[in-house]
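# A closer look at the structure
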Amino acid sequence: MDAGSLSLLLTAATAAGWVDAVVGGGGLLLLPALLIGLPPQVPLATALGTNKMTAIAGTTSAAITYARRTRIDWRVAGPAGAIAVFVSGLGAWLAIELTPNKDVYRPVVLAILVAVALFVTFRPNNGIYAHPERRTRERAALAVALAGGVIALYDGMIGPGTGTFLVLTFTTVIGADFLHGSAMAKIVNAGTNLGALIVFAAGNHVWWQLGAAMAVCNIIGAQLGARMALKRGSGFVRIVLLVVVLALIARLSYDQWLA
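Our subject in this report is the structure included herewith. (Residues numbered from 1 in each chain as written. Predicted model: local features only at pLDDT ≥ 70, side-chain atom pairs only at ≥ 80, totals over all residues. Heavy atoms only, no water.)

### Digging into the packing of aromatic side chains
- Considering all chains together, one arrives at 2 aromatic pairs under this definition.
- A centroid spacing of 6.3 Å and a plane angle of 85° characterise the contact between Trp18 and Phe236, whose relative ring orientation is edge-to-face. Of this pair, Trp18 sits in helix H1 (residues 3-22) while Phe236 sits in helix H10 (residues 234-258); the two residues are 218 residues apart in sequence, bridging distant segments of the chain.
- Residue Trp18 is classed as partly exposed on the basis of its relative accessible area, which comes to 23%. (Phe/Tyr/Trp six-rings, centres within 6.5 Å; stacked < 30°, edge-to-face > 60°. Helix = DSSP H or I, 4+ residues; strand = E, 2+ residues; numbered from the N terminus. Buried < 20%, exposed > 50% of the residue type's maximum accessible area, 1.4 Å probe, protein only.)

Following this line, the structure appears as structure tokens:
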């Protein structure tokens, strides 16, 4: 690998760690950078596996920082994170065995992101303040099922935007504010990354040396992002969320119609 490609990947890993720690969606930067920077002969599954090795470092680091400095609803985040390990592992196995065509998933994800952008734009108070009255037993179970099941499966197979989907799940379904929703999302996202990484590693689809270097950069970005989110609060997280969602829409639209 040449110096230019390595510099691209290390820079992307740092930026992705920051974005992931604040609101999720770092895969928007990291996975495309891997697909561009890795040699053409490297299979897609290896890019996905190396992405997970990098992402788990930053996500776990951010999760620890959040857990130390803010309150986390472990009765939701704990079960969702545990289930996510197994479900994302299943998604990674499907990615290896079926080699899913990204063109099949792109329009679906794009439609979801457009809906998210509209929701965040026209519901400006969602996630700014906590709504504990929403946290019923039924809604908590739904949040666990969505985060640990549906979103975890998507993360194991593809990944970009997972953190964003998790934050919106926790703010919308159980009424968490953006800051605490982001903290819970980091717990679950660490589980999805772990499950997928185990499966990709078992299939020899991880570039360990590159992944380790990128992981260090991802941790640096994640620590900066987590501390900034804790300092600035939910309003800041909401703005970053909207920016990331719009960037995801732009990237996927380009891939869908212009690439």
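There is more to say after this.
### Structural notes on the packing of H1 against helix H2 (residues 27-37)
- The geometry of H1 relative to H2 is characterised by a closest axis approach of 8 Å and an angle of 165° between their N-to-C directions. Taken together, the axis directions place H1 and H2 in an arrangement best described as roughly antiparallel. Crossing of H1 over H2 shows left-handed handedness. Contact with H1, carried on its side by Ser5, Leu8, Leu9, Ala12, Ala13, Ala15, Ala16, Val19 and Asp20, involves Gly27, Leu29, Leu30, Ala33, Leu34, Ile36 and Gly37 of H2 and no other residues of that element.
- Class assignment of the residues belonging to the contact of H1 with H2 gives a composition of 12 nonpolar, 3 polar and 1 charged. (Axes fitted to C-alpha atoms, helices over the stretch in contact; angles between N-to-C directions. Parallel < 35°, antiparallel > 145°, perpendicular 65-115°, else oblique. Left-handed = near helix turned anticlockwise from the far one by under 90°. Contact = heavy atoms within 4.5 Å. Nonpolar A, V, L, I, M, F, W, Y, C, P; charged D, E, K, R; others polar.)

### Considering the side chain of Ser61
- By the secondary structure assignment, Ser61 is in helix H3 (residues 44-69).
- Using a relative accessible area of 13% as the deciding quantity, one classes Ser61 as buried.

### Notes on the nonpolar core
- Ranked by size, the top nonpolar core spans 56 residues in total, and within it Val76 and Phe170 carry the most contacts.
- In terms of residues, this core owes the most to one element, H10, which gives 9 residues.
- By size, the runner-up hydrophobic cluster in this structure holds 12 residues, among which are Ala16, Leu30, Leu210 and Cys217. (Core = buried A, V, L, I, M, F, W, Y, C linked by side-chain atoms within 4.5 Å.)

### Section: the packing of helix H4 (residues 74-98) against helix H6 (residues 137-157)
- Relative to each other, H4 and H6 sit at 25°, their axes nearing to 6 Å. Judged by the inter-axis angle, H4 sits roughly parallel to H6. As for how H4 packs across H6, the hand of that crossing is right-handed. Between H4 and H6, the residues in contact are Val76, Pro79, Ala80, Ile83, Ala84, Val87, Ser88, Leu90, Gly91, Ala92, Leu94 and Ala95 and Ala140, Ala143, Val144, Ala147, Gly148, Gly149, Ala152, Leu153, Gly156 and Met157, respectively.
- Per-class residue counts for the contact of H4 with H6 are 17 nonpolar, 5 polar and no charged.

### Describing the side chain of Thr54
- With respect to the helices and strands, the residue Thr54 is situated in helix H3.
- Beyond its immediate sequence surroundings of up to four residues, Thr54 is in contact with Ala13, Leu30, Gly211, Met214, Ala215 and Asn218.

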